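# An overview of the molecular structure
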Amino acid sequence: MLHVAAPIVLDRGHGQSAGPALSVVRPQRGALQRSTGHLHISVDRGPDGHTLLRRLGQSGSARLLFPRAAGGLREAVVVNTSGGLAGGDRFDVEAEVGAGARLTLTSQAAEKIYRALDIPARMETRLRLDRGASLDWIPQEAILFHQARLTRRLEVEMQADASLLVAESVVFGRTERGETVRDGHFADLWRVRRGGKLIFAEQSLFSGDIAAQLAKPGVAQGAAAICAVLYVAPEAEARADEMRAAMQEAAGAQSVAQGGISAWNGMLALRFVAEDGFMLKRRLAALLRRLRGADNPSVWQF
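Described in the following lines is the structure provided in the data block. (Residues numbered from 1 in each chain as written. Predicted model: local features only at pLDDT ≥ 70, side-chain atom pairs only at ≥ 80, totals over all residues. Heavy atoms only, no water.)

## Here's the deal with helix α2 (residues 240-251)
Along an α-helix, a turn takes 3.6 residues, which lines up residues three or four apart on a common side. Where we set the bar: Each helix corresponds to a stretch of at least 4 residues labelled H or I by DSSP, and each strand to a stretch of at least 2 residues labelled E; elements are numbered beginning at the N terminus. Here the expected length of a helix is defined as 1.5 Å per residue gap, with one fewer gap than residues. Exposure classes here rest on a 1.4 Å probe applied to the protein chains alone. A residue is buried below 20% of its type maximum, exposed above 50%, and partly exposed in between. Read the arc as the range of directions from the helix axis to the C-beta atoms. Contacts: residue pairs with any heavy atoms within 4.5 Å of one another.
Between the first and last C-alpha of α2 there are 17 Å, a value that for 12 residues agrees with the 16 Å anticipated at 1.5 Å per step. Of the positions making up α2, those classed as buried are A240, M243, A246, M247, A250 and A251. The buried residues of α2 occupy one face: seen down the axis, they fall within an arc of 130°. Facing away from the buried side of α2 by more than 90 degrees, the exposed set consists of D241 and E249. Where α2 is buried, its residues meet β20 (259-264), β21 (267-274) and α3 (277-292).

Pasting the structure below:
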């Protein structure tokens, strides 16, 4: 089996590139094959104000696509070539946005989390925003199959005048097939630091009979899909009323109890649930268009 021993690195700042070194790896007898992927992207603001790629690293099952757009780099699309994550797999994304630069990061499709025999799959995202930078991290939803196990972590370091938008969605079970997750594990940890100070810390845990946990009134009232959105920007708190109205509009005739908004300390947090992945994504797409003041990434279907 061929194995890429070194990541592919493209350094636009120095005009040099290094290709992968190939080596032959002989797996141990009986060992399960694991998938790993790692991405690192760094962008800067160019002299004309457009965002320019400074450095790109990608290895294993991780790749980045750059849709064509006038006016420099606007969005990058994360691709997991393994087609999903199973137990023991790992997928990491690192992004750095230089002073005054703007970038949108999304994913090509929903991330499928398959049944795990033993240890969970791991996903880690690390974001760094310099002075006046703007970064939207808005991947498409993660779908946890029955008996899937996933540990996910988000770490953000940002300057005081930077702007950050994060939207993470999870769908428990293949809802179009009527699947429910009666056995699974999902742990999610967020840490956001602004100007070196921790301003947002949250940890969520669903383990065991997740469908029964979601059915509780104080959790999701039986919904199978959940979403959390965090907006950190100088004007974030001032947009609370606007986004409350947008959330009610996106829910249509549904009760406002399906979602809520909090605004404090230069942050805006939105949370809502939906009966399935389709309805969740439709509502999230409408909210993101309002919050971003722009169309959603081209790979989104809404």
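## Quick word on unusual backbone geometry
Unlike most non-glycine residues, Q221 shows phi in positive territory, near 55°. Mapped onto the fold, Q221 is located in the loop between α1 (210-214) and β19 (225-232). According to the relative accessible area criterion, Q221 is exposed, its value standing at 54%. Notably, N265 is not glycine yet its phi reads approximately 50°, a positive angle. Position of N265 relative to the elements: it lies in the loop between β20 and β21. Residue class for N265 comes out partly exposed when judged on its relative accessible area of 41%.

Any functional reading would require information beyond the geometric quantities listed.
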